[in-house]
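Notes for the structure review
Listed here are the chains, written in short residue letters.
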Amino acid sequence: MTVAGDAEACVSPLFHFSEDPAIRVFVPRPVRVAIDRGPDRAWLNDPLVWAIDAVHSRLYLFPRDCPRIVIWPTGETSPEDRRTWFGDVTGRAVAYVEEAWMDRIRSGTLHRYGMPPVTFEAIGEPGAWVSRRPVVPSGCDTLKDLPGAMAAEGLELRALPRLTPLAPVWRSTLQASGLRLRNAQDWVTPAGGPPRPYAVSDTEPAPQRQRRL
């Protein structure tokens, strides 16, 4: 599918979340921590601008480096898995974080940039879009109450001493998204879990953090 075709198919607003309040232009940058998605998708480690659609924006209502696992049921989720993993959840999704991150979540501030969809293409991951060209944001609003923003999106926030007990969720029929898990205590990526990072370079820009021109 062409970039233009993808943009036409994107009926949801696109956003980019940042701790930087003054980004004028998002410039494509390579990721600092490369992710092993297989040879056919290795291009996703190349210089890109990333955005998330409105439905999945709840995945990014966290301090940038906060490790988290977000799970939610789909039409294919079995009744048993729903009871086991989602039985007492009242929201549309539940996010698990480490207890050590709760103070930073409560005190954190994020800036949500609107991203014009014209140059973006879908990559086949929930809500994720990328642009190979620079992007001028269409606007920006500031989120000063991250737990409140999560609640408004139907995301229930829960804290655990460690995230490791949640590794089996990737063997369930729920949708699971794991972000910044390289920062989680004692985390070992399970079989079938989120893609593994395979290279780290302190000299490259951090993933999804774009610089101003």
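Up top you'll find the structure we're talking about.
These remarks concern the structure in this document. (Residues numbered from 1 in each chain as written. Predicted model: local features only at pLDDT ≥ 70, side-chain atom pairs only at ≥ 80, totals over all residues. Heavy atoms only, no water.)

Looking now at the sheet that holds strand β4 (residues 68-72). Here 4 strands make up an open sheet; going across it, the order is β10-β5-β4-β11 and the pairing mixed. Only two strands of the sheet have a single neighbouring strand rather than two, namely β10 (155-160) and β11 (175-179). Between one strand axis and the next, the sheet turns through 20° on average, direction left out of account. Note: β4 against β11, 5 bridges, orientation antiparallel. Along β11, the bridge assignment pairs W72 with Q175. (Pairing = 2+ DSSP bridges. Helix = DSSP H or I, 4+ residues; strand = E, 2+ residues; numbered from the N terminus. Axes fitted to C-alpha atoms, helices over the stretch in contact; angles between N-to-C directions.)

This part covers the pairing of strand β6 (residues 110-115). The buried fraction of β6 is high, at 5 of 6 residues. Two elements, strand β1 (residues 14-18) and β6, share 5 bridges in a ladder whose sense is antiparallel. Across the sheet, residue H16 finds its bridge partner in β6, namely Y113. In this structure, β6 lies alongside strand β9 (residues 139-143), joined through 5 bridges in antiparallel fashion. Counted as the bridge partner of R112 is D141 from β9. (Buried < 20%, exposed > 50% of the residue type's maximum accessible area, 1.4 Å probe, protein only.)

Note that S57 resides in the loop between β3 (49-53) and β4. Along the chain, S57 and M150 lie 93 residues apart, while their C-alpha atoms are 9.6 Å from each other.

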